[in-house]
Amino acid sequence: MPLPTAVAVDTSPIQGNPAITDIDPVWRAIVTESRTRANDIHLPISVAYAERLCDAYPEADALLVRVTTLLHDTGWARVDETKIISEGFAGDWRKADIRFEHERHGCDIAREVLPSLGYDDEFIERVTAIIDGHDTRQVSHSLEDSLVRDADRLWRFTATGIALASGWFGLSPAEYARRLRSEIIPELLTDAAVQMAEAELARAEALLKTELLS
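Residues numbered from 1 in each chain as written. Predicted model: local features only at pLDDT ≥ 70, side-chain atom pairs only at ≥ 80, totals over all residues. Heavy atoms only, no water.

Asks: What am I meant to see in the side chain of Glu-103 here?
Replies: Mapped onto the elements of the fold, Glu-103 is located in helix α5 (residues 97-113). A distance of 2.8 Å separates the side chain of Glu-103 from the backbone nitrogen of Asp-135, its partner in a polar contact. Here Glu-103 is in contact with Ile-131, Asp-132, Gly-133, His-134, Asp-135 and Thr-136, once residues within four sequence places are set aside. (Helix = DSSP H or I, 4+ residues; strand = E, 2+ residues; numbered from the N terminus. Polar contact = N/O pair within 3.5 Å; in protein donor to acceptor, adjacent residues only side chain to side chain. Contact = heavy atoms within 4.5 Å.)

Here it is, written out as structure tokens:
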């Protein structure tokens, strides 16, 4: 059962908050890594969801959630880019070697960029513990882990996420939207994420005319 929240959940269309600038140095440190697998689109949307999830679960370590979400997929920049789609999005993709590889590289990148930005060893270890397994591990180890996992999935429910990810999986937008509803919503770990996903998917399906273009 998804983790409940006593806080009213914001399910309005996702948007960034320009007033939040504390992790801007981390963004600047991973510009190169953001150029692979549409990370320059995926990561900003996911971080916006991470911030909104932290509002719904104020007991979470928001800085940990936001920094980890920002860095979680940077490892795609260090795998064989020609195999990302063929191996990472085909068959039993959750068990693909390339997914384990991108997690390991993501941990490496976190260890490379965070120390010089003032983050201590304990914080970095908590970041890498979540990155390591965020796609391949079956269970969440903490509230923060759950929020990162949900933020990583929530971007898929936007029209932008559907447009990109449907192509990666070789599906039409309508097919991918149905997959989101049947497979991904049940994977979400928090009730806030479920509410956001359902609201965003309804908007995206209406915008993309998936009922007519199915």
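Asks: Would you explain helix α8 (residues 159-168) in this entry?
Replies: For the α-helix, the turn length of 3.6 residues means that residues three or four positions removed from each other point alike. Along α8, the residues that are buried comprise Gly-161, Ile-162, Ala-165, Ser-166 and Trp-168. With its buried residues spanning 150 degrees around the axis, α8 presents them on a single face. Phi for Gly-170, located one or two positions after α8, is positive at around 70 degrees. (Buried < 20%, exposed > 50% of the residue type's maximum accessible area, 1.4 Å probe, protein only. Arc of directions from axis to C-beta.)

Asks: Just checking my understanding: could you explain the pattern of salt bridges for this structure?
Replies: Two side chains that carry opposite charge are able to pair once their charged atoms sit near each other. According to the stated counting rule, one finds 16 salt bridges in the structure shown. A salt bridge links Arg-111 to Asp-108; the nearest nitrogen and oxygen atoms lie 3.8 Å apart. Of this pair, Arg-111 and Asp-108 both sit in helix α5, 3 residues apart, roughly one helical turn. Here Arg-111 falls in the partly exposed class, since its relative accessible area comes to 43%. Salt bridges sharing partners connect three or more residues here, namely Asp-22, Glu-51 and Arg-66. (Salt bridge = Lys/Arg side-chain N within 4 Å of Asp/Glu carboxyl O.)

Asks: Is there a simple way to explain the nonpolar core in this structure?
Replies: Considering soluble globular proteins, one finds that nonpolar side chains tend to be buried as a cluster. Ranked by internal contacts, the top residues of the largest apolar core, which has 55 residues, are Leu-71, Leu-114 and Val-127. Put simply, the parts of the chain that give this core at least two residues each are α2 (39-56), α3 (62-71), α5, α6 (121-131), α7 (143-154), α8, α9 (173-184) and α10 (191-207). No other element matches the 8 residues that α2 contributes to this core. Contact partners of Leu-71, with chain neighbours within four places excluded, come to Val-26, Ile-30, Ala-110, Val-113, Leu-114, Val-127 and Ile-131. (Core = buried A, V, L, I, M, F, W, Y, C linked by side-chain atoms within 4.5 Å.)

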